[in-house]
Amino acid sequence: MPQKKPKNDPQQVYPPRQRSDERQRSRQAYARPEKQQKTSGLRRIWARLRGFQFSRNIGIDLGTATVLVYMQGKGIVLQEPSVVAIDTNTDRILKVGKEAQQMLGRTPGNISAVRPLRDGVISQYDVTLKMIQYFIRKACGNLFFPPRVMICIPSGITEVEERAVLDAAHAAGAQKTYLIEEPKAAAIGAGLNIYAPVGNMVVDIGGGTTDVAVLSLGGVVVSESIKIAGDKFDEAIMRYVRRKYNVLIGERTAEAIKKHIGAVYDHPKAQTVEVKGRCLNQGLPKLVSISSKEMIEALAEPITAILDAICSVIERTPPELLGDILKNGIVMTGGGSLLYGFDQLVTRVTGIPTRVAEDAVSCVAIGTGKSLDHLDMLQEGAINLSRERKVRL
Ligand SMILES: Nc1ncnc2c1ncn2[C@@H]1O[C@H](COP(=O)(O)OP(=O)(O)OP(=O)(O)O)[C@@H](O)[C@H]1O
Ligand SMILES: [Mg+2]
């Protein structure tokens, strides 16, 4: 017969306490299943949202002649001339980019087609702001999640000019704006490893500015920025045609001549173009034929200024880095470097092997875009640049 437990058996009155993991298990068994599911689902969504970045990162090469927009993960998504057409009666923006460029020099009284950047810096703030706004919207679509923007600037611009770029980008809808120096972006875009302890030299010849810089360990060691570039080449061609043929040509015609037969070194096969202009004696249209040989003479003045800037940077470069540059050569970027024979001329003058980068016009935009990968390590505004410049002084 089984033994009956006494009534006041302590085991019955106080059943043995469960161990904590057993208690946990039984709690889980009694938990309401649907509530548990809901919590874990929300947690999962929250974890995903935290990992997801709504705003896009874009890099803008805000050039005097061309604006290029690079979108992280996509590459260059937009390339348009920096020209804006405005209705002068109402101050309304009519066209931006390619369509506005068609209007340059052909506008009636109430329309003005302008280039809001001159010599690499903002000369018309409100128009530049509208232009940046237009390009950001065109590249990103809606601005529900405003993008973080990296903009490149010439290495020699003042703090006031820097602030104008930052303010314009902010007013145009950028969530945060970061700045990068043009020669640094150009070097990255040209595929140079600027982060190694090795000297690299780049010459970026744009529309408004020429930036010459020696870079090492991710920073600019010596640099010079002059306001002589593509636009000054056009002016020099206009002056030459006027002086030699007594014919007046427009800026766009001069640019077309430069792109077609522009040369700074003897071309093995001399080329010729027919140019239409206005005869200054008779005031009537006149056709003249210009050869690539004449271009060397026409462009001599601005080209000499650029060569002087290159030599001045070389003179100030520490000897260790100069040894590296002699080995690695000079890399040229920007539209202005596409003049025939520019690399050969630099090689002859400096004695350093020089080459024009592949896709020279897009190098700065590509470099600006590539630096978007390190955006989280940077601080917005001009802080990074001023810190780098203080170290250089
Ligand atoms: N094939 C070519 N030969 C000569 N010049 C050219 C050629 N193609 C473009 N250019 C010139 O290059 C200049 C534009 O170059 P780029 O786009 O690098 O300048 P940008 O970045 O707009 O100007 P910046 O950097 O000075 O603000 C213009 O002056 C244009 O006429
Ligand atoms: Mg440029």
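Our structure's up above, just so we're on the same page.
The present account deals with the structure reproduced in this document. Keep in mind it's a predicted model, so treat the numbers as computed, not measured.

**Focus: the sheet that holds strand S6 (residues 111-114)**
In any sheet, the strands associate via hydrogen bonds between backbone groups, in a parallel or an antiparallel arrangement.
Then, in step 1: Across the sheet, which stays open at both edges, the three strands sit in the order S5-S4-S6 with antiparallel pairing between neighbours. The strands lining the two open edges of the sheet, one partner per strand, are strand S5 (92-96) and S6. Strand-to-strand, the axes of this sheet are offset by a mean angle of 25 degrees, without reference to chain direction.
Then, in step 2: Sheet topology places strand S4 (residues 84-87) next to S6; four bridges connect them, and they run antiparallel. Looking across to S6, one finds that Ile86 is bridged to Ser112.
Then, in step 3: With respect to the sheet, helix H5 (residues 125-140) is in contact with S4, S5 and S6, its orientation differing from that of S4 by roughly 120 degrees.

**Comments concerning the sheet that holds strand S18 (residues 354-356)**
Then, in step 1: Strands sit in the order S13-S12-S11-S17-S18 across an open sheet of five strands; the sheet is mixed. Of all strands in the sheet, those bounded by a partner on one side alone are strand S13 (219-226) and S18. The sheet shows a mean angle of 20 degrees between the axes of neighbouring strands, direction not considered.
Then, in step 2: Direction of pairing for strand S12 (residues 210-216) relative to S13: antiparallel, over a ladder of seven bridges. Residue pairing across strands places Ser216 opposite Gly219, the latter belonging to S13.

**Remarks on the site of ligand 1**
Then, in step 1: Close to ligand 1 lie 23 residues, the nearest being Gly63, Ala65, Gly206, Gly230 and Gly335.
Then, in step 2: Those elements that place two or more of their residues in the shell around ligand 1 are helix H8 (230-245) and helix H9 (251-261).
Then, in step 3: No other element matches the three residues that H9 contributes to the shell around ligand 1.
Then, in step 4: Classifying every residue of the shell around ligand 1 gives five nonpolar, 13 polar and five charged.

What counts and what doesn't
- Residues numbered from 1 in each chain as written.
- Chains lettered and ligands numbered in written order.
- Predicted model: local features only at pLDDT ≥ 70, side-chain atom pairs only at ≥ 80, totals over all residues.
- Pairing = 2+ DSSP bridges.
- Helix = DSSP H or I, 4+ residues; strand = E, 2+ residues; numbered from the N terminus.
- Axes fitted to C-alpha atoms, helices over the stretch in contact; angles between N-to-C directions.
- Contact = placed C-beta atoms within 7 Å.
- Near = placed C-beta within 6 Å.
- Nonpolar A, V, L, I, M, F, W, Y, C, P; charged D, E, K, R; others polar.

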